[in-house]
Amino acid sequence: RFFMFAWAAPLTVFEVAGSSRVIDGKLYVLSGSSAALSVSDALSGVKEISYTLDGATATAVSPLMLTVVAGEHTLAFYSADNAGNAEAEKSVTFFVDVEAPFTTAALAGVYSNGLYVSSVTLTFIRGDVLSCILETRYSLDNGAFLVYLSSFTVQEDGPHTVAFYSVDGAGNTE
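Residues numbered from 1 in each chain as written. Predicted model: local features only at pLDDT ≥ 70, side-chain atom pairs only at ≥ 80, totals over all residues. Heavy atoms only, no water.

Caption draft 1: Up close: the overall build of the chain. Per the secondary structure count, the chain includes zero helices and 17 strands. Compactness check: the chain gives a C-alpha radius of gyration of 26 Å against a globular reference of 16 Å for 174 residues, more than 25% above the reference. Principal-axis analysis of the C-alpha atoms gives the chain an extent of 95 × 30 × 20 Å. Of all 174 residues assigned to the chain, the portion counted as buried reaches 33%. Excluding contacts between residues fewer than 6 apart, the proportion of contacts in the chain whose partners are at least 24 apart in sequence is 55%. Counting every atom, the chain has about 10300 Å² of accessible surface; 54% of that belongs to carbon and sulfur. Treating the 7 positive side-chain charges of the chain as one cloud and the 18 negative ones as another, the clouds have centres 11 Å apart. (Helix = DSSP H or I, 4+ residues; strand = E, 2+ residues; numbered from the N terminus. Rg over C-alpha atoms; globule rule 2.2 N^0.38 Å. Buried < 20%, exposed > 50% of the residue type's maximum accessible area, 1.4 Å probe, protein only. Contact = heavy atoms within 4.5 Å. Areas by Shrake-Rupley, 256 points an atom, 1.4 Å probe, with all protein chains shown as cover. Lys, Arg positive; Asp, Glu negative; His and termini not counted. Charge placed at Lys NZ, Arg CZ, Asp CG, Glu CD.)

Below you can see the structure in the form of structure tokens.
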């Protein structure tokens, strides 16, 4: 006689198909990527994946592709095999950020009759709805784009053009 005993519970893994980033301890699933649960069980086979995504409970078979919208998400999950073994519940919190950051320029100087009549200090005000600002770049008078670190001053007379943009922690560019 031959007997097979399946004592071990299945193993479920949260995976990102595409790109992800950890910033300040938070997991960001980048635009165009997807999240999935995959499970393995070497002996009796996987019966089901039980999961709760943002409070909605469901079951599925492996692998499970998750469709998520922009925002913060909490996923709790575990799997059971055909022998009745179930792993302990695991959870992950992740963020999906598909919105570009925003940047505006603040100018400080003496303004008279529609012109600045002194040197002008430029400061970029930037923000993002969900993730952080990774970097801001600017170009003065069609020059090479430089990484913005702090306010800077333009002292030369004449008309000037400043181009700028920011990139957020999820890789979105304005």
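Caption draft 2: Structural view of the packing of aromatic side chains. Tallied over the full model, the rule gives 10 aromatic pairs. Three or more aromatic residues link up through ring pairs in this structure, and these residues are Phe124, Tyr138, Tyr148, Phe152 and Phe164. (Phe/Tyr/Trp six-rings, centres within 6.5 Å; stacked < 30°, edge-to-face > 60°.)

Caption draft 3: Main features of the nonpolar core. With 17 residues, the main nonpolar core has Phe14, Leu37, Tyr51, Leu75 and Phe94 as its most contacted residues. Of all the elements in the fold, those that place two or more residues in this core are strand 3 (26-29), strand 4 (34-40), strand 5 (46-53), strand 7 (64-66), strand 8 (71-81) and strand 9 (90-96). Once you skip the residues sitting within four places of it in the chain, Tyr51 turns out to touch Leu37, Ala56, Thr57, Ala58, Thr59, Ala60, Leu64, Leu66, Leu75, Ala76 and Phe77. Residues Val120, Leu122, Phe124 and Phe152 belong to the second largest nonpolar core, which totals seven residues. (Core = buried A, V, L, I, M, F, W, Y, C linked by side-chain atoms within 4.5 Å.)

Caption draft 4: Quick peek at the sheet that holds strand 17 (residues 162-168). The strand order across the open sheet formed by three strands is 15-14-17, and the pairing between neighbours is antiparallel. The open sheet has two edge strands with one neighbour each: strand 15 (146-147) and strand 17. Relative to strand 15, strand 14 (residues 133-140) is paired through two bridges, and the arrangement is antiparallel. In the strand pairing of strand 15, Tyr138 is matched with Leu146. (Pairing = 2+ DSSP bridges.)

Caption draft 5: Focus on the side chain of His73. Its location among the elements puts His73 in strand 8. A polar atom in the side chain of His73 sits 2.6 Å from the backbone oxygen of Val69. (Polar contact = N/O pair within 3.5 Å; in protein donor to acceptor, adjacent residues only side chain to side chain.)

Caption draft 6: Fine view of a nonpolar patch on the surface. A surface patch of nonpolar side chains, amounting to about 310 Å² of accessible area, comprises Leu107, Tyr111 and Tyr116. With respect to the helices, strands and loops of the structure, Leu107 is situated in strand 10 (residues 102-108). Under the relative-accessibility criterion, Leu107 is labelled partly exposed at 43%. (Patch = residues over 30% accessible without salt bridge, like charges linked within 9 Å, V, L, I, M, F, W, Y side chains within 5 Å. Salt bridge = Lys/Arg side-chain N within 4 Å of Asp/Glu carboxyl O.)

Caption draft 7: Expanded view of the side chain of Ser33. If you trace the backbone, Ser33 turns up in the loop between strand 3 and strand 4. Among the polar contacts listed, one links the side chain of Ser33 to the backbone nitrogen of Ser19, at a separation of 2.7 Å. Apart from residues no more than four positions distant in its own chain, Ser33 is found in contact with Val16, Ala17, Gly18 and Ser19.

Caption draft 8: Layout of the pairing of strand 14. Strand direction decides the pairing type here: strand 14 and strand 17, joined by seven bridges, are antiparallel. The partner of Leu140 across the bridge, within strand 17, is Val162. Counting the residues that bridge the hairpin from strand 14 to strand 15 gives five residues, and of these Asp141 lies at a positive phi of roughly 55°.

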